[in-house]
Amino acid sequence: MVAEESGPGAQNSPYQLRRKTLLPKRTACPTKSSMEGASTSTTENFGHRAKRARVSGKSQDLSAPAEQYLQEKLPDEVVLKIFSYLLEQDLCRAACVCKRFSELANDPILWKRLYMEVFEYTRPMMHPEPGKFYQINPEEYEHPNPWKESFQQLYKGAHVKPGFAEHFYSNPARYKGRENMLYYDTIEDALGGVQEAHFDGLIFVHSGIYTDEWIYIESPITMIGAAPGKVADKVIIENTRDSTFVFMEGSEDAYVGYMTIRFNPDDKSAQHHNAHHCLEITVNCSPIIDHCIIRSTCTVGSAVCVSGQGACPTIKHCNISDCENVGLYITDHAQGIYEDNEISNNALAGIWVKNHGNPIIRRNHIHHGRDVGVFTFDHGMGYFESCNIHRNRIAGFEVKAYANPTVVRCEIHHGQTGGIYVHEKGRGQFIENKIYANNFAGVWITSNSDPTIRGNSIFNGNQGGVYIFGDGRGLIEGNDIYGNALAGIQIRTNSCPIVRHNKIHDGQHGGIYVHEKGQGVIEENEVYSNTLAGVWVTTGSTPVLRRNRIHSGKQVGVYFYDNGHGVLEDNDIYNHMYSGVQIRTGSNPKIRRNKIWGGQNGGILVYNSGLGCIEDNEIFDNAMAGVWIKTDSNPTLRRNKIHDGRDGGICIFNGGRGLLEENDIFRNAQAGVLISTNSHPVLRKNRIFDGFAAGIEITNHATATLEGNQIFNNRFGGLFLASGVNVTMKDNKIMNNQDAIEKAVSRGQCLYKISSYTSYPMHDFYRCHTCNTTDRNAICVNCIKKCHQGHDVEFIRHDRFFCDCGAGTLSNPCTLAGEPTHDTDTLYDSAPPIESNTLQHN
């Protein structure tokens with residue numbers, strides 16, 4: 001720009017600023033490389049210093065101060081004002097003059113004005129590599145002039161700007177230097193320019209609505225919206241008759257971004273529109289769709305359809321919402337990467353994957369759909385990672401008909417029905433997801449489906465956690481299932497899952513509920529702190545429960561009722577508010593090798609015609625009896641260790657029966673075996689020893705068959721029979737018992753001295769009419785002799801009691817005992833167990 005011209009008139013033009021005869025002809029657009037070159041000190045392309053030799057000495061003398069003035073003296077504001085009239089190529093040339101001009105010509109405000117005039121963006125659009133565009137905040141960008149940098153990256157392209165092309169080509173002087181910057185009125189024309197190889201395939205579509213253009217892309221073009229503010233809102237491409245964009249073979253590396261793409265047919269329900277879409281991506285092409293808004297008002301088909309072998313697009317940062325059909329449909333072996341999209345409020349599924357489609361779908365937000373969130377079916381597959389799927393009208397994720405997706409680290413929540421629904425032979429792997437606050441079950445599995453549910457958190461559902469029914473299967477492994485309104489896991493109607501290594505806890509209902517012929521292998525789970533039973537087994541169900549820890553429940557640990565069967569083996573069952581295990585109403589489980597302890601209502605309760613084979617268990621430290629058998633129940637207890645109970649070992653009453661064989665019953669606080677109220681068990685080859693009360697007590701018209709038992713070292717004695725009791729005995733060994741009752745009687749002691757109010761020694765007891773005692777009071781033989789000598793007394797019977805005289809509950813103090821205890825009436829039997837009221841909550 002400052003090269004000087006010699007010859008006539010040179011002396012009259014001392015500044016020589018716009019003389020162009022010595023400048024080389026230049027038509028190339030300032031691409032990144034050319035614009036960077038123009039900013040250096042290299043002069044061979046522009047001839048600044050090389051032309052000095054052709055200038056006369058006189059003109060050289062005149063121009064030196066002028067050049068100095070321009071370069072050093074002219075105020076910045078004036079230079080910037082001058083530069084503001086230059087286009088981009090002239091600015092680059094001015095930057096080559098000197099250091100000061102280089103700094104001023106790179107002023108961001110100058111380049112922002114030029115940039116917005118050409119591209120319209122109000123923030124720089126960076127294009128560092130093919131297929132990658134993003135806008136930045138200039139003040140946060142590390143480059144000092146992002147406007148110029150973006151200009152360099154975007155410079156060589158075609159512009160679709162209706163009405164501007166005529167103006168541009170009618171004013172060549174105004175736009176001199178932009179010969180390779182092409183303008184078109186329509187997208188179709190711009191695509192034709194690509195085919196004619198006028199430029200390298202970058203198309204800018206400027207603000208406006210473009211309707212019913214035939215956009216079939218079969219080359220690696222790049223098409224991007226160009227508009228101020230939110231770009232995609234202002235560049236709208238729609239079609240009313242055919243698919244808006246169709247990508248065909250040959251468009252492998254095409255890019256479309258930052259625009260709204262609509263399909264808006266007049267007849268929205270016409271069946272031929274099944275084949276029409278906003279975006280249609282066919283075989284053997286892999287375009288990038290980026291930052292687009294995609295809308296379809298058609299009620300059939302889908303907004304985006306990706307189909308065919310080799311169809312492998314990248315769709316990212318798009319908004320596929322408010323469509324009257326399916327949002328994204330991937331089928332027929334298509335693949336692709338779908339990341340960071342917003343998919344919402346679509347009339348049908350947000351995403352369909354079908355017929356061996358196998359996409360990678362990451363970090364999408366799929367919500368408020370009017371149908372299911374994601375639907376995979378007919379052998380559909382796919383990898384879904386870190387998606388947020390919520391508030392869809394049906395399930396968040398549905399799998400059907402041999403579909404086999406992998407769903408990892410997603411959040412699936414607040415579904416208006418369930419979270420995940422796998423049915424009709426569906427499969428799938430659901431791993432490390434958060435599934436919560438769904439109106440129905442967090443996971444449904446039914447109709448011969450067989451998914452893997454592993455490592456998920458399934459919580460706070462308005463119904464259950466995992467619901468398996470109708471011949472469902474599946475592997476339910478390593479999940480954290482808690483806080484659900486119904487059972488953490490429910491298995492019914494011939495379903496047979498594998499349930500292992502889960503934590504099922506703090507439910508508002510039960511832990512695991514197996515009913516209506518449910519099956520399954522339930523092993524190595526931790527089930528605790530649930531409001532109702534830890535595990536229910538009922539109505540013909542036959543699960544196998546193995547090596548579980550079932551504890552700290554607010555009712556029963558494991559509850560078999562109404563013909564519930566199955567196997568309960570090698571479990572730890574402890575610290576329940578009710579019994580560890582309850583069996584009732586025809587249930588007949590196999591219970592073996594378990595540890596059952598810490599129950600506030602006993603270890604095992606068998607009642608109301610319950611059965612069961614109870615073998616090789618260790619039952620200890622329960623607050624009440626280790627085993628209760630009552631009301632016509634008839635279990636088999638074999639080789640169990642029942643010990644250290646805070647009440648009796650085994651209590652059988654109210655018509656209870658049972659076979660007790662080869663058990664070790666020891667160190668219990670009350671009788672090792674108490675048989676009462678019309679019960680008739682068979683005790684064979686048991687060892688009953690080291691008890692803190694009697695070995696065996698039989699009372700209240702009960703009978704028993706005792707064969708080959710060993711009863712030894714019990715504190716009160718070996719065998720005690722109440723009045724009127726007849727038993728069948730054979731080959732029993734009753735030996736080396738401490739006989740504390742007989743010793744106390746022989747020493748003249750009150751029996752309360754050895755029993756307190758916590759035990760019920762069996763001996764003769766009496767009433768005293770003189771002291772006006774009631775039917776609920778009992779007096780031992782020594783107190784009758786000593787404290788009630790001369791009174792009107794009556795022998796009642798030989799039975800279990802503690803002495804009310806020694807307890808201090810009569811009007812006259814006992815002369816044989818110590819201080820009174822203020823205890824209430826004597827109880828003649830152990831306190832009855834609490835039966836589960838679980839059924840009241842069903």
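Everything quoted here is computed from the prediction, not taken from an experiment.

### A short note on the overall build of the protein chain
Scanning the protein chain for helices and strands turns up 14 helices and 75 strands. Evaluated residue by residue, the protein chain yields a buried proportion of 57% over its 842 residues. Total accessible area computed for the protein chain in this model is approximately 33,000 Å², and 48% of it derives from carbon and sulfur atoms.

### Details of the packing of aromatic side chains
Following the criterion strictly, the structure yields 39 aromatic pairs and no others. Relative to Phe377, the ring of Phe375 has its centre 4.3 Å away and its plane inclined at 15 degrees; by these criteria the two rings are stacked. On the basis of relative accessibility, which here comes to 10%, the residue Phe377 falls in the buried class. A ring pair is formed by Tyr436 and Phe459, whose centres lie 4.9 Å apart and whose planes are at 15 degrees; its orientation type is stacked. On the criterion of sequence distance, the pair formed by Tyr436 in strand β33 (residues 434–436) and Phe459 in strand β36 (residues 457–459) is long-range, its members being 23 residues apart. Take Tyr436 and Phe459: they sit in the same class, and that class is buried. Lying over the aromatic face of Phe164, Lys161 brings its terminal NZ or CZ to 4.6 Å of the ring centre. Here the basic side chain of Arg174 rests over the ring of Tyr175, its NZ or CZ set 5.1 Å away from the ring centre.

### Remarks on the side chain of His551
Mapping His551 onto the fold places it in strand β48 (residues 549–551). A residue is classified by how much of its surface remains accessible, and His551, at 8% relative accessible area, is buried. Excluding residues that lie within four positions of it along the chain, His551 makes contacts with Glu526, Val527, Tyr528, Ser529, Tyr574, Asn575 and His576.

### Quick notes on the packing of helix α6 (residues 108–119) against helix α7 (residues 146–154)
If you want to describe how two helices pack, look at the angle between their axes and the distance between the axes. Close contact between α6 and α7 brings their axes to 8 Å; oriented N to C, the two are set at 35 degrees. Like other packed secondary-structure pairs, α6 and α7 cross with a definite hand, here left-handed. Contacts between α6 and α7 involve Pro108, Trp111, Lys112, Leu114, Tyr115, Met116, Val118 and Phe119 from the former and Trp147, Lys148, Ser150, Phe151 and Leu154 from the latter. In terms of residue class, the contact of α6 with α7 is made up of 10 nonpolar, 1 polar and 2 charged.

### Description of the pattern of salt bridges
Across all of its chains, the model carries 40 salt bridges by this definition. Linking Arg178 and Glu88 is a salt bridge whose minimum nitrogen-to-oxygen distance equals 2.8 Å. Of this pair, Arg178 sits in the loop between α8 (164–170) and β4 (182–184) while Glu88 sits in helix α4 (residues 88–94), placing them 90 residues apart in sequence. The exposure class assigned to Glu88 is buried, which follows from its relative accessible area of 1%. The salt bridge involving Glu385 is made with Arg409; its shortest N-O contact spans 2.8 Å.

### Observations regarding α6
Between its first and last C-alpha, α6 extends 15 Å over 12 residues, near the 16 Å set by a 1.5 Å rise per residue. By the burial criterion, the buried members of α6 are Leu110, Trp111, Leu114, Tyr115, Val118 and Phe119. Seen end-on, α6 carries its buried residues on one side only, within an arc spanning 130 degrees. The opening residue of α6, the one whose side-chain oxygen lies 3.0 Å from the backbone nitrogen of Ile109, is Asp107. Downstream of α6 by one or two residues, Glu120 has phi in the positive range, about 75 degrees.

### Things to note about the confidence of the model for the protein chain
Predicted confidence across the protein chain gives a mean pLDDT of 89, with 89% of residues reaching 70 or more. The model gives residues 1–62 a pLDDT under 50, and that stretch makes 88 contacts with residues more than four places away or in other chains. Confidence over residues 819–832 falls short of pLDDT 50; this stretch has 44 contacts with residues more than four positions distant or in other chains.

### Focus on the environment of Ile215
Following the sequence through the fold, Ile215 ends up in strand β7 (residues 215–217). Owing to a relative accessible area of 1%, Ile215 belongs among the buried residues under this scheme. In the structure, Ile215 is positioned 24 residues away from Leu191 in sequence and 8.2 Å away in space, judged by C-alpha atoms. Non-local contacts of Ile215, meaning those with residues more than four positions away in its chain, are made with Ile187, Leu191, Ile237, Thr244, Phe245 and Val246.

### With respect to the pairing of strand β25 (residues 374–377)
Residues Val374 and Thr376 line one face of β25 and the alternating positions Phe375 and Phe377 line the opposite face, and both faces are buried. By the bridge criterion, 4 bridges tie strand β22 (residues 351–354) to β25 in an arrangement that is parallel. Considered in β25, the bridge of Lys354 is made with Phe377. Summarising the sheet, β25 and strand β28 (residues 397–400) pair through 3 bridges and their orientation is parallel. Residue pairing across strands places Val374 opposite Phe397, the latter belonging to β28.

### Some details on the side chain of His206
Mapped onto the fold, His206 is located in strand β5 (residues 202–206). Assessed through its relative accessible area of 0%, His206 is described here as buried. A polar contact of 2.6 Å, which involves the side chain of His206, links it to the side chain of Glu120. In this view, His206 contacts Val118, Phe119, Glu120, His159, Val160, Lys161, Ala226 and Val235; residues no more than four positions away in its chain are not counted.

### Structural notes on the sheet that holds strand β74 (residues 779–780)
Taken in spatial order, the 3 strands of this open sheet run β74-β73-β75, and their pairing is antiparallel. Whereas interior strands pair on both sides, the edge strands pair on one side only; in this sheet they are β74 and β75 (793–800).

### Quick word on a negative patch on the surface
A cluster of acidic residues, Glu166, Asp185, Glu188 and Asp189, forms a negative patch on the protein surface. Along the polypeptide, Asp185 turns up in the loop between β4 and α9 (187–195). By relative accessible area, Asp185 is classed as partly exposed at 37%.

### Examining the pairing of strand β43 (residues 512–515)
Neither face of β43 is left uncovered, since the one carrying Ile512 and Val514 and the one carrying Tyr513 and His515 both have all their residues buried. As defined by bridge partners, strand β40 (residues 489–492) adjoins β43 across 4 bridges and the pair is classed as parallel. What sits directly across from Ile489, in β43, is Ile512.

Rules of the game
- Residues numbered from 1 in each chain as written.
- Predicted model: local features only at pLDDT ≥ 70, side-chain atom pairs only at ≥ 80, totals over all residues.
- Heavy atoms only, no water.
- Helix = DSSP H or I, 4+ residues; strand = E, 2+ residues; numbered from the N terminus.
- Buried < 20%, exposed > 50% of the residue type's maximum accessible area, 1.4 Å probe, protein only.
- Areas by Shrake-Rupley, 256 points an atom, 1.4 Å probe, with all protein chains shown as cover.
- Phe/Tyr/Trp six-rings, centres within 6.5 Å; stacked < 30°, edge-to-face > 60°.
- Lys NZ or Arg CZ within 6 Å of the ring centre and 35° of its normal.
- Contact = heavy atoms within 4.5 Å.
- Axes fitted to C-alpha atoms, helices over the stretch in contact; angles between N-to-C directions.
- Left-handed = near helix turned anticlockwise from the far one by under 90°.
- Nonpolar A, V, L, I, M, F, W, Y, C, P; charged D, E, K, R; others polar.
- Salt bridge = Lys/Arg side-chain N within 4 Å of Asp/Glu carboxyl O.
- Expected span 1.5 Å × (residues − 1).
- Arc of directions from axis to C-beta.
- Polar contact = N/O pair within 3.5 Å; in protein donor to acceptor, adjacent residues only side chain to side chain.
- pLDDT = per-residue confidence, 0-100.
- Pairing = 2+ DSSP bridges.
- Patch = residues over 30% accessible without salt bridge, like charges linked within 9 Å, V, L, I, M, F, W, Y side chains within 5 Å.
- Lys, Arg positive; Asp, Glu negative; His and termini not counted.
- Charge placed at Lys NZ, Arg CZ, Asp CG, Glu CD.

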